[in-house]
Amino acid sequence: MKALVYDGPGKIQYREHPMPALQADTDILMRVSHSTICGTDAHIIKGGVPTVQPGTVLGHEATGIVTEVGSSVQNVKPGDRILAACVSACGYCRFCTAGLYGQCLHGGWALGNTIDGVQAEHARIPFARNSVYKIPENLTDEQVLFLTDILATGYEVGVLNGRVRPGDTVVIVGAGPVGLSATLTAQLFSPRNLVVVDRVASRRETALKLGATHAVDEHEVHALVDQLTDGLGADVTIEAVGFPDAFELTADLVRSGGRIANIGVHEGPATLHLEKLWAKQITITTGIPSGLTIPQLLNSIATGALDATQMITHRLPLDDTEAGYDTFLRSAETGALKVVLTNN
């Protein structure tokens, strides 16, 4: 088969790669139908995720058709259309039993990280019982594709960790796909103000189209939040960029007693200004998704309350994955948000 293989920092190639095979009775194999490129993949290519070894197939967001199942797999069968969550969960370790699938001692974020991923014609998905979900017949692969990572991430790590409540003023720093996923899913809780911050005008425009009440750059946001909150600050701030200045901005904008939810993948340290924050009684959360909310979000998609297909900017065949990366990595020029790769 062919797959997109990471060969070290700055080096990727779509080439022949060994077919996956079942390695445990809890595995399944699937023929990939649709995959997509994530900002985390960009971090990997820069060398920012040292757990990814050269020779690894990238990708952790995909839908597909089951082709083979391990002897203990009962929730899916060959021929089923499925989405594969970006985290793999054994279901029995210390963290899985606490619902922290992203911290699973035997899986966690494995696909495209510690094992071969899904930007390939075929893929092995471990711990299928807790890691794959059937796609309802009335939904397309594109409608559910982003549940595999960014929608669940924006919702769980941003909106739920930040405890967004009706009437809140929420500030999301970063209007990339994950920030926009938080923008979409925050609306399920009816915030009063949903402010998105980004330096790129086209992304601010997209945020408004997706339901943000305000979209500004970092130079305008302090005055806007002061105006919206009578100078108190935002109830919830969500960092979805992964750079120190973005995190520090979320800390500047949160009110006393407020919540900061960090989603961004950070490759280096960020300053925590405790000289400003020590007395404010704020809560800071971090994390990666568990995927446990995927069934809930599936229902929201089915009812029409949630439509993430609006983030698709480019569609390419899987054979053109390298071109897809070029488009995605030059997003400032190409306007790319989500590049969807189809295995024809």
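Side chains that are nonpolar tend, in soluble globular proteins, to be buried together. Ranked by internal contacts, the top residues of the largest apolar core, which has 43 residues, are F146, L147 and M311. Discounting residues that sit within four places of it in the chain, M311 has contacts with F146, I150, P177, L180, S181, L184, L210, L337 and K338.

Nonpolar side chains collect at one region of the surface, where L272, L274, W278 and I284 lie side by side and expose about 440 Å² of accessible area between them. When you line up the elements, W278 lands in the loop between α9 (274-277) and β14 (283-285).

What follows deals with the sheet that holds strand β9 (residues 169-173). Across the sheet, which stays open at both edges, the 6 strands sit in the order β11-β10-β9-β12-β13-β14 with parallel pairing between neighbours. Both edges of this open sheet fall to β11 (214-216) and β14, since each of them pairs with a single strand only. Strand-to-strand, the axes of this sheet are offset by a mean angle of 15°, without reference to chain direction. Relative to strand β10 (residues 193-197), β9 runs parallel, the two being bridged by 5 bridges. Within the sheet, the bridge partner assigned to V170 lies in β10 and is L194.

The next thing to look at is the packing of helix α7 (residues 221-229) against helix α8 (residues 244-253). Running from N to C, α7 and α8 cross one another at 25°; their axes reach a closest spacing of 11 Å. With respect to α8, the axis of α7 lies roughly parallel. Here the hand of the crossing between α7 and α8 comes out right-handed. Note on element contacts: α8 touches α7 through L249, D252 and L253, opposite V221, H222 and V225. Taken together, the residues of the contact of α7 with α8 break down into 4 nonpolar, 1 polar and 1 charged.

Quick look at the pattern of salt bridges now. Under the criterion given, the structure shown has 15 salt bridges. Taking the shortest distance from any N to any O, the salt bridge between K338 and E61 comes out at 3.2 Å. Of this pair, K338 sits in strand β16 (residues 338-342) while E61 sits in the loop between β4 (56-57) and β5 (62-69), placing them 277 residues apart in sequence. In terms of burial, K338 and E61 fall into one category: buried. Of the charged contacts in the structure, one is a salt bridge between R315 and E142, with a shortest N-O distance of 2.8 Å. With R315 in strand β15 (residues 312-317) and E142 in helix α3 (residues 141-144), this pair connects stretches of sequence that are 173 residues apart. In this structure R315 comes out as exposed when scored by relative accessible area, which is 51%. Several salt bridges share partner residues, and in doing so they unite K77, D80 and K134 into one network.

A separate point is the pairing of strand β3 (residues 28-36). In regular strands, side chains alternate between the two faces of the sheet. The buried fraction of β3 is high, at 8 of 9 residues. Where β3 and β16 come together, 3 bridges link them in antiparallel fashion. For S35, the partnering residue across the bridge sits in β16 and is L341.

Between two packed helices, the angle of one axis relative to the other and the distance separating the axes together describe the packing. Two elements in contact, helix α4 (residues 150-160) and helix α5 (residues 177-186), have axes separated by 8 Å at closest approach and are oriented at 70°. Considered as vectors, α4 and α5 are oriented roughly perpendicular to each other. By crossing handedness, the relation of α4 to α5 is classed as right-handed. Touching I150, L151, T153, G154, Y155 and V159 of α4 are P177, V178, S181, A182, T185 and A186, all from α5.

This part is about unusual backbone geometry. In this model, F127 sits at a positive phi of 50°, which is unusual for a non-glycine residue. A positive phi angle, close to 55°, is found at S190, a residue other than glycine. Topologically, S190 is positioned in the loop between α5 and β10.

A few words now on the pairing of β10. Taken across its 5 residues, β10 has 5 buried, putting it largely inside the fold. Judged by which residues are buried, β10 turns out to be covered on both faces: N193, V195 and V197 on one side and L194 and V196 on the other are all buried. Taking the sense of rotation as the criterion, the β-α-β connection linking β9, α5 and β10 turns out right-handed. Note that β10 and β11 share 3 bridges and pair parallel.

Parameters at a glance
- Residues numbered from 1 in each chain as written.
- Predicted model: local features only at pLDDT ≥ 70, side-chain atom pairs only at ≥ 80, totals over all residues.
- Heavy atoms only, no water.
- Core = buried A, V, L, I, M, F, W, Y, C linked by side-chain atoms within 4.5 Å.
- Buried < 20%, exposed > 50% of the residue type's maximum accessible area, 1.4 Å probe, protein only.
- Contact = heavy atoms within 4.5 Å.
- Patch = residues over 30% accessible without salt bridge, like charges linked within 9 Å, V, L, I, M, F, W, Y side chains within 5 Å.
- Areas by Shrake-Rupley, 256 points an atom, 1.4 Å probe, with all protein chains shown as cover.
- Salt bridge = Lys/Arg side-chain N within 4 Å of Asp/Glu carboxyl O.
- Helix = DSSP H or I, 4+ residues; strand = E, 2+ residues; numbered from the N terminus.
- Pairing = 2+ DSSP bridges.
- Axes fitted to C-alpha atoms, helices over the stretch in contact; angles between N-to-C directions.
- Parallel < 35°, antiparallel > 145°, perpendicular 65-115°, else oblique.
- Left-handed = near helix turned anticlockwise from the far one by under 90°.
- Nonpolar A, V, L, I, M, F, W, Y, C, P; charged D, E, K, R; others polar.
- Right-handed = clockwise from strand over helix to strand, strands pointing away.

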